[in-house]
Amino acid sequence: MLRLLLLVPTTTYRTEDFVQAAARLDVDLAVASERPNVFGERLPDNLLTLDFNDPEKAACEVAALARLNPFSAVVPVDDRTTVVGAAIANALGLPSNPVAAVSTTRNKHQMRLALGKAGVPSPPYFLFTLADDPARAARTVPYPCVLKPTILAASRGVIRADSEGEFVAAFRRIEAILKTADVVALGSGSDEILVEGFIPGNEVALEGLLVKGALRVLALFDKPDPLDGPFFEETIYVTPSRLPGETQTAVADLTAWAARALGLREGPLHAELRVNEAGPWVIEIAARSIGGLCSRTLRFGTGLTLEELILRHALGIEIESLERERRPAGVMMIPIPRGGILEEVRGQEAAKAVPGIEEITITIHQGQEVVPLPEGSRYLGFIFARRETPEEVEAALREANGRLEFVITPKSG
Ligand code: ADP
Ligand code: CA
């Protein structure tokens, strides 16, 4: 029987979908996490505790276990486990990305260096650290620009600045984020601020699968809400893209080029690009699948989920088709209207009644805090829709969100 090891970081939205996908395959499932789990003692072979921050040690430990009971595949379910996933897969001799390539994608400055070296169209960039004087730094960069931490995700700490004054304010705001305990704990890179020239244009997200170095495009999403800053809250994703065919081809070609430049070869790939008169530009490439619960918009062939597809590819099980189901689909990462304590979400029934709406999932519990960007790192929830056209999908998502009412009270009051 095939044996699968899932690498599950402490905070991720992706576990359930991957575990369900594994359950639909005939595999012996083992799960590794960072903290000892109560089930670990009862099922020592199938629940592992690994230090994800020490990929080499984790790889040695798994290799030792694998000598007794080999693994057929190792799959990181999210950003935080991609590097350790590559280290383990390489130690086991399984098809994988090189560890160095994955590490490069995990630091935005390293990524820019690698893409720049290969000549991949990407914004000009400048690296600073918290030791730098922001007022002096502000005089050396072009405007508008975007300041961002090098090692965070989901737009956390990403801020546009149009002037030296805005630059200094943004720098200070990011500094505060970088000094929070959870970010300091990430270690290397947690004192870095990357500044990039602002690339105007329409943004798209490409979901792909690398197979022996070749990029297979699984889906291209438009992001129809303008992302002009100062913060970059992700909202609507709709597929298929409404961009002209030749632009979509240019996006796919540039993504493949960027993947090659980074040395990525195998497994899921999530890329964000901007498109303007000069063509497509790479904003970011990650060696993982789409984040949050957004993969639920996708179905392939005769109904495979994205997670099933990723697991099948990793396990070497035949995939009948990488074609996305034709029906247009989309998701809205529900915008956080303001910070505070989420008391109640009203109007969910009315929102679900909007034609085309399939599911609404609120991911912040009642009584928990919601934190907007640029500080926040958790989604308020997700709305999913399927309809006849991308325009209808987008309209349904907006209408459903409009029917939701979030009761949020100030945190201290
Ligand atoms: P994260 O990994 O946190 O998502 P990104 O670098 O992808 O960080 O930035 C988040 C968002 O900010 C992007 O999706 C894009 O909308 C915007 N953004 C980031 N860098 C630039 C840039 N150089 N020009 C224009 N927009 C940018
Ligand atoms: Ca991103």
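All of these numbers come straight from a predicted model, not from anything done at the bench.

Each value, and the rule that gives it
Residues numbered from 1 in each chain as written. Chains lettered and ligands numbered in written order. Predicted model: local features only at pLDDT ≥ 70, side-chain atom pairs only at ≥ 80, totals over all residues. Heavy atoms only, no water. Donors = N, O, S within 2.8 Å, 3.2 Å for Na, K, Ca; no water. Helix = DSSP H or I, 4+ residues; strand = E, 2+ residues; numbered from the N terminus. Buried < 20%, exposed > 50% of the residue type's maximum accessible area, 1.4 Å probe, protein only. Near = heavy atom within 4 Å. Polar contact = N/O pair within 3.5 Å; in protein donor to acceptor, adjacent residues only side chain to side chain. Areas by Shrake-Rupley, 256 points an atom, 1.4 Å probe, with all protein chains shown as cover. Nonpolar A, V, L, I, M, F, W, Y, C, P; charged D, E, K, R; others polar. Pairing = 2+ DSSP bridges. Salt bridge = Lys/Arg side-chain N within 4 Å of Asp/Glu carboxyl O. Core = buried A, V, L, I, M, F, W, Y, C linked by side-chain atoms within 4.5 Å. Domains from an automatic or database assignment. Contact = heavy atoms within 4.5 Å. Axes fitted to C-alpha atoms, helices over the stretch in contact; angles between N-to-C directions. Phe/Tyr/Trp six-rings, centres within 6.5 Å; stacked < 30°, edge-to-face > 60°. Lys NZ or Arg CZ within 6 Å of the ring centre and 35° of its normal.

## So, the coordination of the calcium ion (ligand 2)
Around a metal, the idealised angle for a tetrahedral arrangement of four donor atoms is 109.5 degrees; for an octahedral arrangement of six donor atoms it is 90 or 180 degrees. The calcium ion (ligand 2) binds to the protein through E272 (OE) and E284 (OE), with metal-donor distances spanning 2.2 Å. Of the two residues, E272 sits in strand β12 (residues 267–276) while E284 sits in strand β13 (residues 279–286), which places them twelve residues apart along the sequence. Each member of the pair, E272 as well as E284, carries the same accessibility label: buried.

## Let's talk about the site of ligand 1
Around ligand 1 lies a shell of 21 residues, among which K108, K148, S155, I199 and E203 are the nearest. With respect to ligand 1, the side chain of E272 contributes an N or O atom lying 3.2 Å from an oxygen atom. Note that an oxygen atom of ligand 1 is positioned 3.0 Å from one of the side-chain N or O atoms of R274. When ligand 1 sits alone it has 550 Å² of accessible area, and the protein chains cover 98% of it. For the shell around ligand 1, the elements supplying multiple residues, two or more each, are β6 (145–149), β8 (192–197), β12 and β13. Of the residues that constitute the shell around ligand 1, the class distribution is eleven nonpolar, two polar and eight charged.

## Let's talk about the sheet that holds strand β19 (residues 405–409)
The strand order β17-β15-β19 describes an open sheet built from three strands, whose pairing is antiparallel. Two strands lie at the open edges of the sheet, namely β17 (369–370) and β19, each paired on one side alone. In this structure, strand β15 (residues 340–346) lies alongside β17, joined through two bridges in antiparallel fashion. The residue bridging G340 from the neighbouring strand is V370, located in β17.

## Some remarks on the pattern of salt bridges
Within this structure, the stated rule accounts for 29 salt bridges. One salt bridge in this structure joins K57 and E61, with 3.7 Å as the shortest N-O distance. One end of the pair is K57 and the other is E61, both in helix α2 (residues 55–68) and four residues apart, which spans about a single turn. Residue classification places E61 among the partly exposed positions, given a relative accessible area of 33%. Across the pair K223 and E203 runs a salt bridge whose closest N-O atoms are separated by 2.8 Å. Here E203 lies in strand β9 (residues 202–211) and K223 lies in the loop between β10 (214–222) and β11 (236–239), a separation of 20 residues in the sequence. Judged on exposure class, the residue K223 and its partner E203 are both buried.

## Some thoughts on the nonpolar core
L4, L6, L311 and F382 are the most contacted members of the largest nonpolar core, which has 35 residues in total. Taken together, domain 1 (3–97) and domain 3 (327–413) each give at least three residues to this core, which thus spans both. Excluding its chain neighbours within four sequence positions, the residues that come into contact with L6 are F18, V19, L29, A30, V31, A32, V75, V77 and L311. Counting 29 residues, the second largest nonpolar core, distinct from the first, contains V102, L243, L264 and A287.

## Considering the sheet that holds strand β7 (residues 159–161)
In a beta sheet, neighbouring strands are held together by backbone hydrogen bonds and run either parallel or antiparallel to one another. With antiparallel pairing, four strands are arranged side by side in an open sheet as β5-β8-β6-β7. The open sheet has two edge strands with one neighbour each: β5 (125–129) and β7. When the angles between neighbouring strand axes are averaged without regard to direction, this sheet yields 25 degrees. Sheet topology places β6 next to β8; five bridges connect them, and they run antiparallel. Its bridge partner being in β8, V146 is matched across the sheet by E196.

## Re the side chain of R112
Inspection of the secondary structure puts R112 in helix α5 (residues 108–117). R112 gets classed as buried once you look at its relative accessible area, which sits at 0%. Reaching out from R112, the side chain makes a polar contact with the backbone oxygen of V282 at a distance of 3.3 Å.

## What to know about the side chain of S155
With respect to the helices and strands, S155 occurs in the loop between β6 and β7. Setting aside residues up to four positions removed in sequence, S155 forms contacts with F232, E234 and L373.

## Concerning the domain arrangement of the protein chain
Domain boundaries in the protein chain define domain 1 (3–97), domain 2 (124–197) and domain 3 (327–413). Spacing between the C-alpha centres of domain 1 and domain 3 amounts to 32 Å.

## Focus on the packing of aromatic side chains
Given two aromatic rings, one states the distance between the centres and the angle between the planes to describe the pair. The final tally for this structure, using the stated rule, is seven aromatic pairs. Taken together, a centroid distance of 6.3 Å and an interplanar angle of 20 degrees make the contact between F382 and F384 stacked. Taken together, the ring pairs in this structure connect Y13, Y379, F382 and F384 into an aromatic cluster. The ring of F198 has R160 lying over it, and the distance from NZ or CZ to the ring centre is 4.2 Å.

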